[in-house]
2 protein chains.
Amino acid sequence: MERQWRGKFPVNRRKPAVELGSGVRKSYREVIDVSWGDPHRAGVKPLSFVRQVLAACLYSELMDGDKLMVDVKQRAQRLLGTCAGGSVGSYCATAGIPQTLQSVSQYIMRRDGGVPCHPENIYISPGSQWALTNILKVLVNSEASPRTGVLIPVPCHSTTIISLTTLGAVAVPYYLREERGWALEMEELQRALDSAKGVCNPVALYMINPGNPAGYVQSRKSIQEVIRFAAEKKLFLLADEVFQDCVYGKESEFVSYKRALAEIGAPLSDSVELASFHTASKGLMGECGLRTGYVELVNLDPAVMKHINNLFSTNSCPILGQIALDVMVNPPQPGDPSYPLYLKVRHFYLPASLAQNVRRVEEVINSFPDFSCQPLEGGAFAFPRLFLPPKAIERAKEAGLQPDTFYCLRLLEEAGVLFSPGTEYGQKEGTYHIRFCIMTPSDTMEEILRRLSAFHEQFMKEFS
Amino acid sequence: MERQWRGKFPVNRRKPAVELGSGVRKSYREVIDVSWGDPHRAGVKPLSFVRQVLAACLYSELMDGDKLMVDVKQRAQRLLGTCAGGSVGSYCATAGIPQTLQSVSQYIMRRDGGVPCHPENIYISPGSQWALTNILKVLVNSEASPRTGVLIPVPCHSTTIISLTTLGAVAVPYYLREERGWALEMEELQRALDSAKGVCNPVALYMINPGNPAGYVQSRKSIQEVIRFAAEKKLFLLADEVFQDCVYGKESEFVSYKRALAEIGAPLSDSVELASFHTASKGLMGECGLRTGYVELVNLDPAVMKHINNLFSTNSCPILGQIALDVMVNPPQPGDPSYPLYLKVRHFYLPASLAQNVRRVEEVINSFPDFSCQPLEGGAFAFPRLFLPPKAIERAKEAGLQPDTFYCLRLLEEAGVLFSPGTEYGQKEGTYHIRFCIMTPSDTMEEILRRLSAFHEQFMKEFS
Ligand SMILES: Cc1ncc(COP(=O)(O)O)c(C=O)c1O
Ligand SMILES: Cc1ncc(COP(=O)(O)O)c(C=O)c1O
């Protein structure tokens, strides 16, 4: 959820409170905050079909007027019919509304070219992170000795690191190879596993695909290698696939771990344990505030499923989130009155503006000799490497800060742009990165790049 | 959340699947489900002011038309201003939107006659149960020997029992005295604490006030006795006060544990540790599906607060829920265009129809010699005692069921009314109860009582 580091790096959005070093104040009208994976925060507009259906479900008088298209009303009517008492204000089964579980399972089957998916293996939850934390609770024995280990990529989505640590697990890092577009290499996985010997007992392997913070997309071949590795080492696979709809590399394609596993065939396809996570917070929806995600579980022991069922039985996903999820997996179809507008956003506006952002970010960042951005294939972020001069590193140390945190604070103070430092996600010793969300309107991205460029040039000059 | 027992007692809402014993089928148009603490499910209408504000926040075009009152639009505008990017689809700080935390703390201060309340001691969460589970995680050491104990009332809200058990804690029961209107007696608390000796290490005392499933309201005196007891025994107080707005006994008044603690004065008021829970799921709002609650923490050690902060940092409350919460603690005021309608529901319609339900339930249940209902002072439920004939108990045992479960299944099958059996909440050995929600429209309650009466008479005759 990208919000934890705020605790370590306190920021007042209205008025940067910190003043470090230069004392120079650039003028800017307002802070642009692209430190979260949060499209709406960055100015992306919500999908009107989704919002209209939700509004109609909440406020039934909207069904009478002529403000809403007939398919919006029909959809709202149908979804309200799945709620107890016909109200989005009622409780539902803790795993989710049965009809929505059904919709999600059909969506997964379509996505995976027909690989079977059963609603009883799906839990809809208040955010995908909550689902992940629950699954981790089952895997991690917080009092075990040696402690439970979970292999995680470096760099890694920071909330997962917090979940792991809070549960008392050891995060065993495997480093993605930046120079090869953040590739996951099998020798590195093996090295990571070996490094755990005598330290902890690794039980699971966590991957983020497409990546966060690094914007890679794993190939089918890479995924299948990882699956075979997990099978051989008896590791539970945790596939964080929340960015599955965010792929923009020309050569890239999202392949789910579930599908890749099915394609390998028996005996692996019947035995490797897998949890796959998805959400309404990302992609075209970008509805982070609704708190809606789900997990699909594959090949789990029935006894373990029972325990998981218990963990999911003390909370359920907000009903409005489930309604949005149902719309997400069943968008308007050709012939529906709302289809033309939906199509425009889905197939033209968003991809076009994202593609433009990607191109511009790569272009601008790589135009600096001391900045380097790997090709952005998917996800929601750019995670360029920053080659900082020794003097800047020294100054940061004097201030008791990591060098990239120092850079980000100065950027905030002087240019009014809020990024997050690579140090929050893990990075190879001695390397520095910054992360920012690329899901913004194009003109916002231009403004960000303009401010960043001016600041960067100035900063590098100051410390050269 | 009242939903777990459904797992143990599988129910198909459309067609009762179980047929036990009689084979007699009564005719009914549809099943009335009052087994949950869920007003909308039982047919209560949502508050239109709340729903209109939420709809306007979701779908901004509603701000332009003339469908909505000006105060609705202003409220929506103001609350959207507290969301990042002006969208309810963005993430917020994990403790809650700062302005909403502020609103809640002011509300608590007003409720408690000015006792100070600080926003930084409040966590808004996806449902109050989630907050309770998090606080329990801090209190319960799942691997300790002897195990951690938590004193809980009998009968007790069932989800809390599940949370405790899942965390590996021992639930130490203290029995409420049914014949005295489910009074909490100090000798019984002492007995319960003594009973834990050699079994577990009791660290906390959980109370539900007003009660669930039993409909009592604790007096100020009783609360202060409990606080002194907790202070003496060094127990953490967990005050589940989600029904604080559901008080209808003429002599009853809700007094918060926080206020009672403050009124006791130092040194207790500065030392007894307290967590108090509230929610948007109950009372006038009844918005269970939004998943919104909060906890206020009093007198906690800063180190413990830090740990709690970590636990709350992997999820946040849905934004729409927080907006509803803000409206709940700041309802329309005299002079606002929406005030007259709000006033009608708040002060006339709901209290009148609830008072009528309460009167009718007590009247009808107590008219049977083998049924007995204590005065209903608060909460959302009736929990009458059922004096079952030996033959019914025998038949239940033959079917492998608890006697009150047997009764509820037969009631469902023959009368199409869904209650939950006392056995789900704990009850004194050899006593039997049923629980049902009394927050329904008056005509629904009449229909429930009509069906129940006819069934009950028939059932008792069958087994006499
Ligand atoms: C990789 C990854 N996983 C999970 C999440 C959590 O998403 P949700 O809002 O569904 O909890 C995020 C959010 O940024 C993420 O980046
Ligand atoms: C006593 C009690 N506490 C907590 C809850 C949970 O409410 P929420 O919907 O806020 O999680 C309930 C719900 O029925 C309840 O009865």
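Residues numbered from 1 in each chain as written. Chains lettered and ligands numbered in written order. Predicted model: local features only at pLDDT ≥ 70, side-chain atom pairs only at ≥ 80, totals over all residues. Heavy atoms only, no water.

An unreviewed UniProt entry annotates chain A as alanine transaminase originating from Poecilia mexicana. Per UniProt, chain A carries the Sequence similarities (unreviewed entry) text "Belongs to the class-I pyridoxal-phosphate-dependent aminotransferase family. Alanine aminotransferase subfamily." Quoted verbatim from the Cofactor (unreviewed entry) field of UniProt, the annotation for chain A is "pyridoxal 5'-phosphate". (UniProt positions renumbered as here; feature names shortened; annotations may be inferred.)

*Asks:* Please explain the overall build of chain A as it appears in this structure.
*Replies:* The secondary structure content of chain A amounts to 15 helices and 14 strands. Computed over the C-alpha atoms, the radius of gyration of chain A is 23 Å, within 12% of the 23 Å expected from 2.2 N^0.38 for a compact globule of 464 residues. Principal-axis analysis of the C-alpha atoms places the extent of chain A at approximately 65 × 60 × 40 Å. Residues counted as buried form 63% of the 464 residues belonging to chain A. Of all intrachain contacts in chain A linking residues separated by at least 6 positions in sequence, the fraction that spans at least 24 positions is 74%. (Helix = DSSP H or I, 4+ residues; strand = E, 2+ residues; numbered from the N terminus. Rg over C-alpha atoms; globule rule 2.2 N^0.38 Å. Buried < 20%, exposed > 50% of the residue type's maximum accessible area, 1.4 Å probe, protein only. Contact = heavy atoms within 4.5 Å.)

*Asks:* Explain the sheet that holds strand β2 (residues 122–125) of chain A here, please?
*Replies:* Adjacent strands of a sheet pair through backbone hydrogen bonds, lying either parallel or antiparallel. Residue and element names in this part refer to chain A. Spatially, the seven strands line up as an open sheet ordered β2-β8-β7-β6-β5-β3-β4, and their pairing is mixed. Single-partner strands in this sheet number two, and they are β2 and β4 (170–175). Pairwise comparison of adjacent strand axes, ignoring direction, gives a mean angle of 25° for this sheet. Judged from the four bridges that link them, strand β6 (residues 236–240) and strand β7 (residues 274–279) form a sheet pairing that is parallel. (Pairing = 2+ DSSP bridges. Axes fitted to C-alpha atoms, helices over the stretch in contact; angles between N-to-C directions.)

*Asks:* I'm lost on the site of ligand 1 in this one. Help?
*Replies:* The immediate surroundings of ligand 1 are formed by 16 residues, with Asn 212, Asp 240, Thr 279 and Ser 281 of chain A together with Tyr 91 of chain B found nearest. Around ligand 1 the close residues trace back to chains A and B. One nitrogen or oxygen atom from the side chain of His 157 of chain A is found 3.4 Å from an oxygen atom belonging to ligand 1. Measuring from an oxygen atom of ligand 1, one finds a side-chain N or O atom of Thr 279 of chain A at 2.6 Å. Bound to the protein, ligand 1 loses 99% of the 400 Å² it would expose on its own. Split by residue class, the shell around ligand 1 holds five nonpolar, seven polar and four charged. (Near = heavy atom within 4 Å. Polar contact = N/O pair within 3.5 Å; in protein donor to acceptor, adjacent residues only side chain to side chain. Areas by Shrake-Rupley, 256 points an atom, 1.4 Å probe, with all protein chains shown as cover. Nonpolar A, V, L, I, M, F, W, Y, C, P; charged D, E, K, R; others polar.)

*Asks:* Even after reading the chapter, I still don't get the interface of chain A and chain B, so can you show me in this structure?
*Replies:* Across the contact, 61 residues belong to chain A and 61 residues belong to chain B. For the pair chain A and chain B, the two sides together bury roughly 4900 Å², of which 58% comes from carbon and sulfur. Of all residues in chain A, the largest losses of buried area upon contact with chain B belong to Leu 58, Tyr 59 and Tyr 91 of chain A, amounting jointly to 17% of the total for that side. Linking chain A with chain B are zero salt bridges, by the criterion used here. Taken together, the links from chain A to chain B amount to 24 residue pairs in polar contact (both at pLDDT 80 or more). Those elements that place two or more of their residues in the side of chain A that touches chain B are α2 (48–58), α5 (128–139), α6 (158–166), α10 (302–311) and α11 (319–329) of chain A. (Buried area = accessible area lost by both parts, 1.4 Å probe. Salt bridge = Lys/Arg side-chain N within 4 Å of Asp/Glu carboxyl O.)

*Asks:* What should I look at first to understand the relation of the copies chain A and chain B in this one?
*Replies:* One copy of the chain maps onto the other through a rotation about an axis plus a displacement along that axis. Taken as rigid bodies, chain A and chain B are interconverted by a rotation of 180° and an axial shift of 0.0 Å, the fit giving an RMSD of 0.0 Å. When the rotation and shift are considered jointly, the pair of chain copies conforms to a two-fold rotation axis. Identified as the residue of chain A closest to the rotation axis by C-alpha distance is Ala 55 of chain A, at 2.2 Å. Take the interface residues of chain A: 100% of them recur as interface residues in chain B, which is what a same-surface contact looks like. (Least-squares fit on C-alpha atoms with pLDDT ≥ 70 in both.)

*Asks:* Looking at this model, I keep getting lost on the site of ligand 2. Mind explaining?
*Replies:* Lining the immediate surroundings of ligand 2 are 16 residues, of which Tyr 91 of chain A together with Asn 212, Asp 240, Thr 279 and Ser 281 of chain B lie closest. Contact between ligand 2 and Ser 128 of chain B: an oxygen atom at 2.8 Å from a main-chain N or O atom of the residue. Ser 281 of chain B has a polar side-chain atom sitting 2.7 Å from an oxygen atom of ligand 2. When ligand 2 sits alone it has 400 Å² of accessible area, and the protein chains cover 100% of it. Of the residues contributing to the shell around ligand 2, the split by class is five nonpolar, seven polar and four charged.

*Asks:* How should the sheet that holds strand β7 (residues 274–279) of chain B be read in this particular structure?
*Replies:* Residue and element names in this part refer to chain B. Strand order across the open sheet formed by seven strands is β2-β8-β7-β6-β5-β3-β4, with mixed pairing between neighbours. Two strands in the sheet have a free side with no partner beyond their single neighbour: β2 (122–125) and β4 (170–175). The average angle at which neighbouring strand axes cross in this sheet is 25°, direction not considered. In this sheet, strand β8 (residues 293–298) lies alongside β2 in antiparallel orientation, the contact comprising four bridges. Across the sheet, residue Tyr 123 finds its bridge partner in β8, namely Val 295.

*Asks:* Sorry if this is basic, but what is going on with the domain arrangement of chain A here?
*Replies:* One frequent convention defines the size of an interface as the accessible area lost when the parts assemble. All names here are of chain A. Taken domain by domain, chain A comprises domain 1 (11–44 + 348–462) and domain 2 (91–329). Taking only C-alpha atoms into account, the centre of domain 1 sits 28 Å from that of domain 2. Taken together, the contacts link 28 residues of domain 1 with 33 residues of domain 2. Of the roughly 2200 Å² buried between domain 1 and domain 2 on both sides combined, carbon and sulfur atoms contribute 57%. Contact with domain 2 buries surface across domain 1, with Gln 374, Glu 377 and Tyr 425 losing the most and accounting together for 28% of the total. Our count for the contact surface shared by domain 1 and domain 2 stands at zero salt bridges. At the level of elements, α12 (339–366), β10 (381–382) and β14 (432–437) are the ones that each hand at least two residues to the side of domain 1 that touches domain 2. Sort the elements by how many residues they give to the side of domain 1 that touches domain 2 and α12 lands first, with three residues. Its residues assigned to classes, the side of domain 1 that touches domain 2 comprises 13 nonpolar, nine polar and six charged. (Domains from an automatic or database assignment.)

*Asks:* Help me out: how do you make sense of the UniProt feature "domain: Aminotransferase class I/classII large" (unreviewed entry) in chain A in this one?
*Replies:* Residues annotated by UniProt as "domain: Aminotransferase class I/classII large" (unreviewed entry) correspond here to residues 68–452 of chain A. Secondary structure content for residues 68–452 of chain A is 42% helix and 16% strand, and the end C-alpha separation is 42 Å.

*Asks:* How should I be thinking about the pattern of salt bridges in this particular structure?
*Replies:* A side chain with one charge may pair with a side chain of the opposite charge, provided their charged atoms come close. For the structure on display, the rule yields 46 salt bridges over all chains. Here Glu 232 of chain A ties to Lys 233 of chain A by a salt bridge, and the two come within 3.3 Å at their closest N and O atoms. Residue class for Glu 232 of chain A comes out exposed when judged on its relative accessible area of 61%. Here Lys 233 of chain A falls in the partly exposed class, since its relative accessible area comes to 25%. Residue Arg 450 of chain B pairs with Glu 447 of chain B through a salt bridge whose shortest N-O separation is 3.1 Å. With Arg 450 of chain B and Glu 447 of chain B both in helix α15 (residues 442–462), this residue pair falls three residues apart, about one helical turn.

*Asks:* Just to check I follow, could you spell out the environment of Leu 401 of chain A for this structure?
*Replies:* Residue and element names in this part refer to chain A. Along the polypeptide, Leu 401 turns up in the loop between α13 (390–398) and α14 (403–415). Residue classification places Leu 401 among the partly exposed positions, given a relative accessible area of 22%. For the pair Leu 401 and Thr 314, spaced 87 residues apart in sequence, the C-alpha separation works out to 41 Å.

*Asks:* Looking at this structure, I do not really get helix α11 (residues 319–329) of chain B. What am I missing?
*Replies:* One turn of the α-helix equals 3.6 residues, which is why residues spaced by three or four share an orientation. α11 of chain B sits mainly inside the fold: eleven of its eleven residues count as buried. All of the buried residues along α11 of chain B are Ile 319, Leu 320, Gly 321, Gln 322, Ile 323, Ala 324, Leu 325, Asp 326, Val 327, Met 328 and Val 329 of chain B.

*Asks:* How do you make sense of the environment of Leu 189 of chain A when you look at a structure like this?
*Replies:* Residues and elements named next belong to chain A. Of note, Leu 189 is situated in helix α7 (residues 186–195). Separated by 37 residues in sequence, Leu 189 and Ile 152 have C-alpha atoms that sit 9.7 Å apart. Ignoring anything within four residues of it in the chain, the contact list for Leu 189 reads Leu 151, Tyr 174, Leu 184, Leu 205, Val 226 and Phe 229.

*Asks:* How should I be thinking about the confidence of the model for chain A in this particular structure?
*Replies:* Low pLDDT marks stretches whose predicted atomic positions should not be read closely. Of all residues in chain A, 94% have pLDDT values of 70 or greater, and the mean over the chain is 92. Contacts from residues 1–24 of chain A, a stretch scored under 50 in pLDDT, to residues over four places away or in other chains number 69 contacts. (pLDDT = per-residue confidence, 0-100.)

*Asks:* Which parts of the structure should I look at to understand the nonpolar core?
*Replies:* Note that soluble globular proteins tend to have their nonpolar side chains buried in a common cluster. Ile 135 and Leu 238 of chain A together with Ile 135 and Leu 238 of chain B are the most contacted members of the largest nonpolar core, which totals 219 residues. In this structure Ile 135 of chain A touches Phe 236, Leu 238, Ala 275, Phe 277, Val 295, Leu 297, Ile 308 and Phe 312 of chain A, once residues within four positions along its chain are discounted. (Core = buried A, V, L, I, M, F, W, Y, C linked by side-chain atoms within 4.5 Å.)

*Asks:* For this particular structure, what's the right way to read the environment of Pro 375 of chain A?
*Replies:* Residue and element names in this part refer to chain A. Along the polypeptide, Pro 375 turns up in the loop between β9 (371–372) and β10. For Pro 375, a relative accessible area of 48% corresponds to the partly exposed category. Along the chain, Pro 375 and Gly 215 lie 160 residues apart, while their C-alpha atoms are 7.6 Å from each other. In contact with Pro 375, other than residues within four places in its own chain, are Gly 215 and Glu 362.

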